[in-house]
Every structure is written in C-alpha cells, then in structure tokens.
Amino acid sequence: MVANGNVVCVPFAEEINNNNNVKFQYRTIQDPASQRLTWYKPPLTVLVIKKVRDASVHLPFVQLVQWLIEEKRMLVFVEAAVLDDPLLDQYSSFATVKDKLMTFRDGKDDLTDKIDFIICLGGDGTLLYASHLFQQSVPPVMAFHLGSLGFLTPFRFDNFQEQVNNVLEGNAALTLRSRLRCIVMRKGDDEKKTTKQPTNLLVLNEVVVDRGPSPYLSNIDLFLDGKLITSVQGDGLIVSTPTGSTAYAVAAGASMIHPSVPAIMVTPICPHSLSFRPIVVPAGVELKISVSRDSRNTSWVSFDGRNRQELLHGDSLRVTTSIYPVPSICAQDQISDWFDSLAECLHWNVRKRQKHLDELTDLTHSSSNDTLDSLEHAELIEKDS
C-alpha cells in the first residue's frame, strides 16, 4: 500500500512451536490486485514532468497546470528549465499561472518530502526521469501517453480532469515497480577508507556493462551472493528489473516479466557462447560484476542510459533490489495495463488469423477415419482402373 510515497512492506508470517519460540519465518506473497492507492491526507503538491523538445506537449502541459492551480488549488512544481521555453509564452492562459509555479533544478534542489504525487506528460523517458529525481521514496506517479512508444504511460490525455480526480480521490490501482540499487566500488576503496562517496544509484530499467569503444570482447566475472557463477564473454551484460525486461533486455533476447514479479533478470549481449541464455534470479540476491583479471580491456557501465563511466581492473559493481520501488498508478489494473501495452506498443503475438476450413470441403477431402491402409487401398483401385 502506498500513500505520499510511503511503502508498507509485506509482512512476515511466523511458525511458533509449543514453547512459543519462533521456528522459522517465511514471506507471504502479496496479491498484486491488493495494491491500491490510499491517501492518508489529501494531496496538496504535485510535480509535473514534461517531455523536453516536443512542441506537441506544450498545450496539454498548459491545460494541466492551469487546471491544477485554478480548479484544484494545488501547489505545482516544474523543472526550472521548462519556464525558459519561449514557445510556452504563445499561450495567453499560461501567463496567468506562470508566476504561481514552483521550480526546482535537477542535482541542486532536494524534492524529498515536498511532493505528494507526480504527473508525467510524454513517453517512457519521463517516468525514468521521475525515478532518477527520487533516489529514495518515490511519490505515486501518474503517466500520460504523449510520446512515441508509451509502454509505461497508460493514461490518455483526452479526459485528464476525470482521471486526475479519480487519483486524487484514491480510486486507483498501483503497480509497485521495483528498482535496482547499484553501487560502483573502486579498487582500493576498502583499504584506503576514502571519504569520496562511491557511485550509488537507483535504476528503474537496467544497468548495462559493455565493452565500450574497445574492439575486444568483454570479459566480465559475475558473482551471486559472493559465489562466482560464470564469466561473460561477449559485448556485455544487462541486469534489469521486471519493468526493464521489456526494454533493452527483450531486444537482446530475454523474456518479458510482469513488473509485479520479484526478480532480477541477467541477459548477456551477443555472448560468445550460444548456450548462454538469459536467467532470472530472486529479487533478494546481490550480484557483483567485475572486470576479469585476464581481460584485454576495461568495461563501461551505464544506469538507465545515464551516468556512463568506466570500470577498471579491480573495480566492481554491486547490484541488488532496492527497498524503494516506483509506485506507478494504473489506468485500469496491473494485468490489463501490462497486456494492453504488450499488444499496442510491442504488437505481441500479432499475426494474421488462420483461415477456417469450409465444412463441406473439409468432409470431401479429409476424414478423421483416414488411415495408411485406406489410402493404400485407394491407390490400388486407381492403378487397376
């Protein structure tokens, strides 16, 4: 359950013996249908994220912020760079609300505990950007499809007032999209006890380790909970969330996993072995990725397509599931939204229907009682005649 970005964890069940001592614990599996949006107090502040460099989003953006400010009396936050867009000044209605907008700058202003929920206008990149802005608890996100693909943006803007009202009233299902906690450990950090903070990021789609500009194959060691699982020889490795399984991972041959499944997917990129297939591991494990000692080259790592940096020999990347998911608001429910996106965006299992056989033609040319003996008998009759 989520309200104002706070996630209530799934409880543990306990087995108790006659002495009232706990014998063992196990985690109960939560039904995704039970994940509903519940406001503990009415939301007052909203962050509106607009797709950049897209003029088609300007009018919906103006209509939305004007309605939120004038009709709903909400405090609206936008990125400061949005107000620098001169094309917005062509809308006279925008001038009446421009001075009432609150602004922030990425990397400089902290939005923690300031935002009740988020509205994205654009494509999947707007949801990824929302995830990037909140590196801990994330407010519920409502994403409108105004981009080119829109796999993660289930809402249509036609009747935005009614849909936003439903969300404000708490009439919505949630998909808790897990994220990956990624930490880059540099060689010697443990011994030197340096005060420099290591790269520590949360990603919604995937973290990618590749060979960068080198002409040589990547040679990467993969550990799972401290145990060496395999060495990856190829163009690289994708470690993705279930949400990211339908992004880069599926293009590299992975399966598509529903975002409510607690798992981490490991997908090789063009492996040098045909038997190296993608694998799915439990969400609670820790993966360690490092450049093999005998590797001819270093590797490069990127996080949701951002913060690209080099991994040198002796460096390592630690990846595990974060305790801070992205609560994505559903247009319908968790199942319908996902399969609608598969059909509309990826054209999953789209094909021409097989033509049905005419009943009379079917009876004339074939029969379920046909056997090899009857067919051979028919051929002999034809020869004798």
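Residues numbered from 1 in each chain as written. Predicted model: local features only at pLDDT ≥ 70, side-chain atom pairs only at ≥ 80, totals over all residues. Heavy atoms only, no water.

(A) Just helix H4 (residues 124-133), in detail. Among the 10 residues that make up H4, eight are buried, leaving the element largely enclosed by the rest of the structure. Asp-124, Thr-126, Leu-127, Tyr-129, Ala-130, Ser-131, His-132 and Leu-133 are the residues of H4 that are buried. (Buried < 20%, exposed > 50% of the residue type's maximum accessible area, 1.4 Å probe, protein only. Helix = DSSP H or I, 4+ residues; strand = E, 2+ residues; numbered from the N terminus.)

(B) The sheet that holds strand S22 (residues 316-321), seen in detail. Strands sit in the order S12-S11-S22-S19-S14-S15 across an open sheet of six strands; the sheet is antiparallel. Each edge of the open sheet carries a strand with a single partner, namely strand S12 (200-203) and strand S15 (227-234). On average, adjacent strands in this sheet sit at an angle of 25° to one another, irrespective of strand direction. Pairing of strand S14 (residues 218-224) with strand S19 (residues 287-291) involves five bridges; the strand directions are antiparallel. Each residue of the ladder has a partner; that of Phe-223, found in S19, is Lys-288. (Pairing = 2+ DSSP bridges. Axes fitted to C-alpha atoms, helices over the stretch in contact; angles between N-to-C directions.)

(C) How the structure looks around the nonpolar core. By size, the foremost hydrophobic cluster in this structure holds 35 residues, and its most contacted members are Val-48, Phe-61, Leu-68, Val-76, Ile-119, Leu-121 and Phe-144. Breaking this core down by element, the ones donating at least two residues are strand S5 (45-50), helix H1 (58-70), strand S6 (75-79), helix H2 (80-83), strand S8 (117-122), strand S9 (141-145) and helix H5 (160-168). When residues of this core are assigned to their parent elements, the largest contribution, seven residues, is made by H1. Formed by 25 residues, the second largest nonpolar core is a distinct cluster that contains Cys-182, Val-203, Val-207 and Val-281. (Core = buried A, V, L, I, M, F, W, Y, C linked by side-chain atoms within 4.5 Å.)

(D) Summary view of the environment of His-132. Secondary-structure assignment places His-132 in helix H4. Here the alpha-carbon distance between His-132 and Leu-201, two residues 69 residues apart in the chain, equals 8.3 Å. Discounting chain neighbours no more than four positions away, the residues touching His-132 are Asp-106 and Arg-306. (Contact = heavy atoms within 4.5 Å.)

(E) Highlighting the sheet that holds strand S16 (residues 236-240). Strands sit in the order S18-S17-S16-S13-S20-S21 across an open sheet of six strands; the sheet is antiparallel. The open sheet has two edge strands with one neighbour each: strand S18 (279-282) and strand S21 (306-311). If you compare each strand with its neighbour and ignore which way they point, the axes differ by 20° on average. As paired elements, strand S13 (residues 206-210) and strand S20 (residues 299-303) share four bridges and run antiparallel to each other. Bridge pairing in S20 places Val-209 opposite Val-301.

(F) Quick look at the pairing of S14. The element S14 is largely enclosed, with a buried count of six among its seven residues. When S14 meets S15, the two strands line up antiparallel, connected through seven bridges. Pairing of Ser-218 across the sheet is with Gly-234, part of S15. Counted between consecutive antiparallel strands, the loop separating S14 from S15 contains two residues, among which Asp-225 sits at a positive phi close to 50°.

(G) Inspection of the packing of aromatic side chains at higher detail. Tallied over the entire structure, the rule returns eight aromatic pairs. Their ring planes at 50° and their centres at 5.7 Å tell us that Phe-144 and Phe-155 sit as a pair that is tilted. Of this pair, Phe-144 sits in strand S9 while Phe-155 sits in the loop between S9 and H5, and the two are 11 residues apart along the sequence. Residue Phe-155 is classed as buried on the basis of its relative accessible area of 4%. Plain terms: the ring middles of Phe-144 and Phe-157 are 5.5 Å apart, the flat faces sit at 75° to each other, and that makes the pair edge-to-face. Taken together, the residues span a long stretch of sequence, with Phe-144 in strand S9 and Phe-157 in the loop between S9 and H5 at a distance of 13 residues. (Phe/Tyr/Trp six-rings, centres within 6.5 Å; stacked < 30°, edge-to-face > 60°.)

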